Amino acid sequence: MNENAVFTRIQQEVEENPVVLFMKGTPMFPQCGFSAAVVQVLSEAGVKFKGIDVLSDPSLREGVKQFSNWPTIPQLYIKGEFVGGCDIVREMYASGELDQVLTEKDVPRAG
Amino acid sequence: MAMEAAEIERLIKEALPDARVLIEDLRGDGDHYAALVTSATFAGKSRVQQHQMVYGALRGRMGSELHALALQTALPGEEPA
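Everything numeric here is computed off the predicted structure, so don't read it as measured data.

Colleague: So what exactly am I meant to see when it comes to the nonpolar core here?
Modeller: Here is a general trend for soluble globular proteins: nonpolar side chains tend to be buried in one another's company. All names here are of chain A. Ranked by size, the top nonpolar core spans 30 residues in total, and within it Val-20, Leu-21, Phe-22, Val-38 and Val-89 carry the most contacts. Looking at this core, the elements that each hand over two or more residues are α1 (3-16), β1 (19-23), α2 (33-44), α3 (58-68), β3 (75-78), β4 (81-84), α4 (86-95) and α5 (97-104). A total of five residues in this core trace back to one element, the largest contributor, which is β1. Setting aside chain neighbours within four positions, we find Val-38 in contact with Leu-21, Met-23, Pro-74, Leu-76, Cys-86 and Val-89.

Colleague: Help me understand helix α2 (residues 47-57) of chain B in this model?
Modeller: One full turn of an α-helix is made of 3.6 residues, so residues set three or four places apart face in the same direction. Residues and elements named next belong to chain B. Listing the buried residues of α2 in full gives Gln-50, His-51, Val-54, Tyr-55 and Ala-57. Summarising the axial view, the buried residues of α2 lie within an arc of 160°, below the 170-degree limit, and thus occupy one face. One or two positions beyond α2, positive phi appears at Arg-59, with a value near 45°.

Colleague: Is there a simple way to think about the interface of chain A and chain B in this case?
Modeller: Many authors give the size of an interface as the accessible area that is lost as the parts come together. Taken together, the contact between chain A and chain B spans seven residues of the former and ten residues of the latter. Within the residue set of the side of chain A that touches chain B, elements represented by two or more residues are β4 and α4 of chain A. Residues belonging to the side of chain A that touches chain B are distributed by class as follows: three nonpolar, three polar and one charged.

Colleague: Sorry if this is basic, but what is going on with the sheet that holds strand β3 (residues 68-74) of chain B here?
Modeller: Pairing between the strands of a sheet is mediated by backbone hydrogen bonds and can be parallel or antiparallel. Residue and element names in this part refer to chain B. Strands sit in the order β1-β2-β3 across an open sheet of three strands; the sheet is mixed. In this open sheet, the two strands that pair with only one neighbour each are β1 (20-25) and β3. Going from strand to strand, the sheet's axes swing by 15° on average, the running direction of each strand aside. As defined by bridge partners, β1 adjoins strand β2 (residues 32-38) across six bridges and the pair is classed as antiparallel. Considered in β2, the bridge of Val-21 is made with Val-37. Docked against the sheet, α2 engages β2 and β3, running at close to 125° with respect to β3.

Colleague: Explanation requested: the sheet that holds β1 of chain A in the structure shown.
Modeller: All names here are of chain A. Spatial ordering of the open sheet is given by β2-β1-β3-β4, a layout of four strands whose pairing is mixed. The outermost strands of the open sheet, each flanked by one partner alone, are β2 (50-53) and β4. Pairwise comparison of adjacent strand axes, ignoring direction, gives a mean angle of 25° for this sheet. Here β3 pairs with β4 via three bridges, running antiparallel. When the bridges of β4 are listed, Ile-78 appears paired with Glu-81.

Procedures and definitions
- Every chain begins its residue count from 1, and numbering advances along the sequence as written.
- Each chain gets a letter, beginning with A, and each ligand a number, beginning with 1, in the order they are written.
- This being a predicted model, a pLDDT of at least 70 is required before a residue's local features are given, and a value of 80 or more before pairs of side-chain atoms are given or counted; all residues contribute to the totals for chains, interfaces and linings.
- The nonpolar core criterion groups buried Ala, Val, Leu, Ile, Met, Phe, Trp, Tyr and Cys residues into a set whenever they are joined through C-beta atoms within 7 Å.
- To assign burial, the other C-beta atoms lying within 10 Å of each residue's own C-beta are counted, with C-beta atoms placed from the backbone; 20 or more indicates buried, 12 or fewer indicates exposed, and intermediate counts indicate partly exposed.
- Labels follow the DSSP assignment, with helices taken as runs of H or I lasting at least four residues and strands as runs of E lasting at least two, numbered in each case from the N terminus.
- In this description, a residue-residue contact is defined by the distance between C-beta atoms placed from the backbone, which must lie within 7 Å.
- Arc definition: it is the arc formed by the directions from the helix axis to the C-beta atoms.
- Note on residue classes: Ala, Val, Leu, Ile, Met, Phe, Trp, Tyr, Cys and Pro are nonpolar, Asp, Glu, Lys and Arg are charged, and everything else, Gly too, is polar.
- Any two strands with at least two DSSP bridges between them are considered paired.
- Between N-to-C directions, angles cover 0 to 180 degrees, with each direction set by a line fitted to C-alpha atoms, over the stretch in contact for helices.

Given below as C-alpha cells:
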C-alpha cells in the first residue's frame with residue numbers, strides 16, 4: 001500500500017468505528033505492555049473498541065504514526081478524534097476525564 | 001538503542017528554552033524513562049499538542065532510539081503533586 005492508501009484506510013477505520021485502538025498485538029493477546037495497559041483501561045471503562053494490530057502490517061505501523069503525528073503505538077481514537085497514547089489515556093482514566101469524553105461523545109458502554 | 005537522560009533534557013530545552021525537565025531512569029537501563037516537562041509554551045495547547053511539542057523536540061528519537069518515555073506535561077505552577 002502506498003502512503004495515500006494507508007491514510008485512506010486509517011481514516012475509514014476511525015470514521016466507521018466509534019472507538020479504535022491501533023496497537024501491537026490483539027486485544028486478547030497484546031504484544032506490548034503499553035498496548036496491554038490501554039486495553040485494560042478500555043475494558044475497565046466498559047468500552048467496546050476495535051483493536052487494529054499494526055504488527056501485522058508494516059505500512060500501517062509507520063502510516064498511523066504519520067497520520068496522527070505521534071511517534072509511538074498504541075494510539076486511541078474516539079469518534080474519529082485522536083485522544084492520545086498510553087500515558088494520556090491512563091492519565092485521563094485516573095482523573096475521570098475519559099469517562100467524561102466517552103459520555104460527551106455518546107460512546108456505547110457495557111453496564 | 002539507548003539514550004542518556006542528559007541528552008533528552010538537552011534536546012527538550014533546545015526546543016523549549018523555558019522548560020523545566022525532570023527525568024527518571026525507571027529501570028536504570030537508559031531505555032525506560034519517565035519525564036515531567038513544565039513549560040509556559042504549553043499554554044492554550046491540548047495535552048496531545050503538548051506531547052507532540054516534546055516529541056518534536058526529540059526529533060524522531062522517540063519510538064526509535066528512545067523506546068519508552070512516559071511523558072507528563074504541565075504549565076508552570078500546575079505540576080502534578
